[in-house]
Structures are given as C-alpha cells and as structure tokens.
Amino acid sequence: MAKALVFIDNPGAALKKSSLELLTIARSLGDVVVAVNGELHDDVVAALGAQGASALYRPSATDLDDYLVAPKAAYLAAVVAASGAGTVLLENTADGKEIAARLGVKLNAGVITDVVGVDADGTAHKSVLAGSYTTTAKARTAVAVLTIKPNSVDVGTPAAASTPETATIDVPADATANAARVTGRAEKPVSGRPELTEARIVVAGGRGVDGDFGPLEELADVLGGALGASRAATDAGWIGHDYQVGQTGKTVSPQLYISAGISGAIQQKAGMQTSKVIVAINKDAESPIFEIADFGIVGDLFKVVPQATEEIKKRKG
Amino acid sequence: MKIVVLVKHVPDAQFDRHLTGPGNTVDRDESILSELDEYALEAALQLSEARGGAKAGNEVIALSMGPAGAVNAVKKSLQIGASSGAHLSDDALAGSDAAATSLALAAAIRHLGADSPVDLVLTGMASTDGETSLVPAQLAERLGLPQVTFASSLEVNGERIVARRDGDAHADTVEASLPALVSVTDQINEPRYPNFKGILAAKKKKITALTLADIGVDAAQVGAAGSLTAVETAEARPPRTAGTIITDEGDAGIKLVEFLAAQKLL
C-alpha cells in the first residue's frame, strides 16, 4: 500500500488543527506514517494512533531547532528512505516550504506548495496569482512533496485506531555542519487570539484606524477571531509586522474577513481574496475593497465597529 | 566581496495577471523588476558600500533568468547601482518549475564564481509571481551553502554573517559563515531609486549573456522537460462580484450583525 509521510515539527502537548488536516489527507493517500521533531508527549502518541498512524519516526538528534531548516530536511530524507513513503506532507509555513524545497532537491522529488486539496491519485489543487486562478498540478517523480494550506480539509478520524511502531532515525552526521545556527531567540508575547493564518475569522485594520486598533481588537475578541493589518498600518508602526495580511505579509483564507479602514490596494487583496465572506467598512465609497466585498459599509469605523461589537455582545447575552 | 543578487522580471501585480499556453505559464508581457528583489539589491549595495564599494574590489552582480525581456530587470538593477549584470536566457528554459529553475541558477552562479568565488547570494523573500519561496532554499541546497532566509536585518563581520529573522512565535538571531545564501524581507531597508547619474552610468556597465551551453546545463534538465512538477489544468477564478453596499445612517453596526447572523457567522 502506498505510504504517506506527515512531518510534524514540535507537536507540543496536543496536535494542532493543521496537523490533523495533514493526517486526514494522508489517510486518503494510503498508509499513514509520521515523522516528528522535538519533544513527544504520550498524549500526542495516542492521538497519532487514533489518527491511524502506523509508524512514528523521531530524529536521533535533539538540537535540530538550533539550526535553520537544513538538518530537518536531511532528517526527513532519511525518514523517506527508511519508510518508503511516496508522498510527504508538510505545513505550508515558511519553514515547511523550505524544508520541502531542500527535501525535493535531496530526493529529486517534485515539490508543490500552497496546496488546498489532494486527490487519491496525488493530483494537487492550488490557487495561484493571488487567488485569480485555481490549478491542478502533479509531481512527475517517484516521491511527491506537498505543503498544505491550513483550513483546506475537514478534519476526520479513521474507523480504526492503531498503535504506531516507533523508530529513531539517524540524522546524517554532516547535516548541521554547514547550516545557519540560531544563536539568539526572543519569544514573542502570546496574544490568546487564534493564529492569523489558521483563524476562521479575521478582523483587519488599515490606514483608517489612525493608530487605534482598540475597537478592532474588541470586535475580533467577541467574534473569537484573529487580528490582521494592512501594510500601511504595519509600516506606520501601529501594529507589528506579524499581523500584516497581503503579498509581503500573510495569506489568509478565513470563513469571514472583516476589513476596516483598508482601501484594498491589489497587494492587500492578494492576501485575502480567497476568504469565503468579505465585509468592508470604509469612509471612502470609492475604495477598491468595495468591489470584492459581500457586504460593504460606507461609514466611520469608529462608529460602526463598536456598535457591531455591542450588538453581538447583546445577542450572545 | 562578491555578491550575486537574483532579480526577476515579473508581471506587474498592479494589473490583472494571466496564465497562458499549453504549460499554463505566467504571461510575462507588462513585466517589471520584482518589487521584493529591490530589497535584496539594496542590501547588496549597502554591504558593498560599507566595504568601500567597487573601488575596493566589491562587486554586485545582478543575475536574472528568463526570456529576452528579463534583461530589463538586470538593466534596472544596473541603474540602481549593481556593478554588472548577467542574463541567463535559453528557449529550453521556458516552463521551468522551482527545481529546474534552481538547477539552472545554481549552475549560473557557479559560472559567475569561476574566476573568483562568490561570497554571498542575495535574493528577495519570494518572487511576486510564483510566490513559492522554494528557489532560495533549493539554491542553497544545490550550492551546499548555509541559508539564512527571511532576514529582516543583515550584518557581515569578516567571514560571519549575523541576521535577524522574525517568526510567528519568536524572533531569532541567526549566524552563518560565508559563503552563504540570504533572502531578505521587505522590512530590511528602504530601496533607493535610480537617479540620473545611475541611469547614465548603467549604459557603460557590462551585461553578460549566458546560455545553457555557457553554464554546462543540458536542455533536458530544465524547462518543461526537466521540471519535476507539471501544471495540468488552470481555471480563472470567477471574479468576486460586489455584494450589498450600504451607507451608515447610524445603524450600520446593527445591520452588519444582522448580515453576519444571516450568513451563520456568529
């Protein structure tokens, strides 16, 4: 039976939704095997079993996080050799794509990024040119490496759980020799909101917020959503670059995207136009954002947004 | 210091972009120097200038791969301040995926380093057309270089480079030894514009035309034939149409919530 390998980098104490999505896709492709890096909790091992993983691989080295991607690619190449996997699935993060890139060269394997769906025969579905086209692509090689965007599939569970066999894979001795080393790490404060790229709802502000994201934060919180921003807002220093949605920031594809005080320049649209429902609030009726909004409000966000927040609170009792 | 900066001629994202032809490749009419590559070029120029510029033997070579028009990305780079350029162009390259592109570019960089070694390869964080971000990491793998990607600051001290890299959960300080490959984000600097003097000076600068034969790559290894992935179908996404637009008359917040409730989004 064909084998699909899922890579989970530092799974933590519980499997993330994006990991569950990778496992769901892997099951549709064949026998599921998993490679992890970093600490592995018993609960995670049990969860991987419940997800139908038949084998679980761990690296012989514990310091892979001290380097940028290269040693992880070397480790994964060794896992592919040991497991005989025909498909490798990774998260579509910056690191995930670069590990995939290097793995592709090591294995002479085709790499497809930004994948939103995979057919049983390995055909990958993706959207390109900022969501203006949907394409299908296929690797022409024995091994295919795919990076999957979050919110691509509904998470499922298999009929039968399994007990994965575990094995330790030797990380090649030269894997770290010429890799860039991480010599300092500053943890960023955790907001408590969902991660922007994975959020089901995103509330984003632009130039029109004029330095005050307060009302948008309150709306995001009452909706259980993430906060986003246009480049104009991050360049002005009103909010961190991590929040930027758009061509040079993050691409989001939530169920609901609320844009407040953003004109909708094409670079901004590039990052959000595959959102299912788009709401736009802007004082300027000529803003291009209204061309793609499902519901547009020409008005002052400082009046509209707090009123909406209060109304939602009232309805939620 | 010898720096190679990768520059790409991409369709202007200000306008609608299209896929065309049997391989569903990007239509490259109306193309410009990729905005994200300007940050890489600026970073290269700053490193060169800090070491005394061209007079002190520093070189910034702008390298582009692509059809005839791609030479415009090289010319623009020379106007901005690159010391020389190279344009890898060959009919067999058409339709190359990331693997084939990185294979050809790696060979071109080795060729440019034949006389004196390349110390640093600089790229943008992504192209603004393919947007896969695969090529920098694949080039590093092929050239056996440490990769420092998504750098938001960059310093070179002797043989060591120190960069800052912002992730979601943490900001890292990353170090590597030269030679290395670095990709930079749009946070690293403010790219300069070409000035009149630069535009005049660019006319005297050399652009080396390279073909696959020059860099020792077989046509079968690149282009659609040498690509490891194939785009099978492409469909234009139906354009989003505008929905309901209202003007706030004091109750737009309530109407918004009614809309969200009707869409089952609350």
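Residues numbered from 1 in each chain as written. Chains lettered and ligands numbered in written order. Predicted model: local features only at pLDDT ≥ 70, side-chain atom pairs only at ≥ 80, totals over all residues. Heavy atoms only, no water.

Each helix and strand in chain A was counted, giving 8 helices and 15 strands. Taken against the 2.2 N^0.38 rule, which gives 20 Å for 317 residues, the C-alpha radius of gyration of chain A at 21 Å falls within 12% of a compact globule. Sorting the 317 residues of chain A into buried and exposed places 56% on the buried side. For chain A, restricting intrachain contacts to residue pairs at least 6 apart in sequence, the fraction spanning at least 24 positions comes to 65%. Summed over all atoms, the accessible surface of chain A reaches about 12200 Å², with 49% contributed by carbon and sulfur. The distance from the centre of the 29 positive side-chain charges to the centre of the 36 negative ones in chain A is 3 Å. (Helix = DSSP H or I, 4+ residues; strand = E, 2+ residues; numbered from the N terminus. Rg over C-alpha atoms; globule rule 2.2 N^0.38 Å. Buried < 20%, exposed > 50% of the residue type's maximum accessible area, 1.4 Å probe, protein only. Contact = heavy atoms within 4.5 Å. Areas by Shrake-Rupley, 256 points an atom, 1.4 Å probe, with all protein chains shown as cover. Lys, Arg positive; Asp, Glu negative; His and termini not counted. Charge placed at Lys NZ, Arg CZ, Asp CG, Glu CD.)

One open sheet holds the 10 strands; their spatial order is β10(A)-β11(B)-β10(B)-β9(B)-β12(B)-β8(B)-β1(B)-β6(B)-β7(B)-β13(B), and the pairing between them is mixed. Lying at the two open borders of the sheet, with one neighbouring strand each, are β10 (181–187) of chain A together with β13 (207–210) of chain B. Geometrically, the sheet is characterised by an average inter-axis angle of 30 degrees between neighbouring strands, direction not taken into account. Those strands touched by helix α1 (residues 35–50) of chain B are β1 (2–6), β6 (59–65), β8 (120–124), β9 (147–157) and β12 (180–184) of chain B, and its axis lies near 150 degrees from that of β8(B). (Pairing = 2+ DSSP bridges. Axes fitted to C-alpha atoms, helices over the stretch in contact; angles between N-to-C directions.)

Further remarks concern the pairing of β1(B). In the case of a regular strand, side chains alternate between the two sheet surfaces. All names here are of chain B. Most of β1 is tucked away, with 5 of its 5 residues classed as buried. Neither face of β1 is left uncovered, since the one carrying Lys 2, Val 4 and Leu 6 and the one carrying Ile 3 and Val 5 both have all their residues buried. By the bridge criterion, 5 bridges tie β1 to β6 in an arrangement that is parallel. Bridge pairing in β6 links Ile 3 to Val 60. Judged from the 3 bridges that link them, β1 and β8 form a sheet pairing that is parallel. The residue of β8 that forms the bridge with Val 4 is Val 121.

Turning next to the environment of Arg315(A). With respect to the secondary-structure elements, Arg315(A) resides in helix α8 (residues 301–316). Relative accessible area serves as the criterion here: at 41%, Arg315(A) is assigned to the partly exposed category. Excluding residues within four positions of it along the chain, Arg315(A) makes contact with Val257(B), Glu258(B), Ala261(B) and Leu266(B).

This brings us to the pattern of salt bridges. Residue and element names in this part refer to chain A. Taken as a whole and assessed by the stated rule, the structure comprises 27 salt bridges over all chains. Linking Asp 9 and Lys 72 is a salt bridge whose minimum nitrogen-to-oxygen distance equals 2.8 Å. Of this pair, Asp 9 sits in strand β1 (residues 3–9) while Lys 72 is found in helix α3 (residues 70–83), placing the two residues 63 residues apart along the sequence. The class of Asp 9 is partly exposed, set by a relative accessible area of 26%. A relative accessible area of 6% means that Lys 72 is categorised as buried. (Salt bridge = Lys/Arg side-chain N within 4 Å of Asp/Glu carboxyl O.)

Here we come to the packing of α8(A) against helix α8 (residues 252–262) of chain B. Across the interface, α8(A) lies against α8(B) with an axial gap of 7 Å and an inter-helix angle of 50 degrees. With respect to each other, α8(A) and α8(B) are oriented oblique. Crossing angle aside, the handedness with which α8(A) passes α8(B) is right-handed. Taking contact as the criterion, the partners of Val304(A), Gln307(A), Ala308(A), Glu311(A), Ile312(A) and Arg315(A) in α8(A) are, on α8(B), Ala252(B), Gly253(B), Ile254(B), Leu256(B), Val257(B), Glu258(B) and Ala261(B). Broken down by class, the residue content of the contact of α8(A) with α8(B) amounts to 8 nonpolar, 2 polar and 3 charged. (Parallel < 35°, antiparallel > 145°, perpendicular 65-115°, else oblique. Left-handed = near helix turned anticlockwise from the far one by under 90°. Nonpolar A, V, L, I, M, F, W, Y, C, P; charged D, E, K, R; others polar.)

Topologically, Gly206(A) is positioned in the loop between β11 (201–205) and α5 (214–223). With residues up to four places along the chain from it excluded, the contact list for Gly206(A) reads Ser230(A), Ala233(A), Trp238(A), Ala260(A), Gly261(A) and Ile262(A).

Here we come to the sheet that holds strand β15 (residues 295–298) of chain A. Sheet architecture is open: 6 strands sit in the order β12(A)-β11(A)-β13(A)-β14(A)-β15(A)-β15(B), paired in parallel fashion. Of all strands in the sheet, those bounded by a partner on one side alone are β12 (226–229) of chain A together with β15 (244–247) of chain B. Taking each pair of neighbouring strands and ignoring which way they run, the sheet shows an average axis angle of 15 degrees. In this sheet, β15(B) lies alongside β15(A) in parallel orientation, the contact comprising 4 bridges. Across the sheet, residue Val298(A) finds its bridge partner in β15(B), namely Thr247(B).

Summing up the model confidence of chain A, the mean pLDDT is 93 and the portion of residues at 70 or higher is 100%. Within chain A, β1(A) carries the highest mean pLDDT (98), whereas helix α7 (residues 266–270) of chain A carries the lowest (76). (pLDDT = per-residue confidence, 0-100.)

Turning to the interface of chain B and chain A, a few remarks are in order. On the chain A side, the residues contacting the 80 residues of chain B number 84 residues. On the chain B side of the interface with chain A, the three residues burying the most area are Glu141(B), Leu228(B) and Arg240(B), jointly 11% of the side's total. Here chain B is connected to chain A by 8 salt bridges. A salt bridge links Arg165(B) to Glu98(A), with the shortest nitrogen-to-oxygen separation between them at 3.5 Å. Where chain B touches chain A, the interface holds 34 residue pairs in polar contact (both at pLDDT 80 or more). Tallying contributions element by element places α8(B) first for the side of chain B that touches chain A, with 10 residues. (Buried area = accessible area lost by both parts, 1.4 Å probe. Polar contact = N/O pair within 3.5 Å; in protein donor to acceptor, adjacent residues only side chain to side chain.)

Between two packed helices, both the angle of their axes relative to each other and the distance between the axes serve to describe the pair. For the pair helix α4 (residues 94–107) of chain A and helix α4 (residues 134–143) of chain B, the least separation of the axes is 8 Å and the interaxial angle reads 45 degrees. Relative to α4(B), α4(A) is oriented oblique. Crossing handedness for the pair α4(A) and α4(B): right-handed. Between α4(A), through Lys97(A), Glu98(A), Ala101(A), Arg102(A), Val105(A) and Lys106(A), and α4(B), the contact on the second element is made entirely by Leu134(B), Ala137(B), Gln138(B), Ala140(B), Glu141(B) and Arg142(B). Of the residues in the contact of α4(A) with α4(B), the class split is 5 nonpolar, 1 polar and 6 charged.

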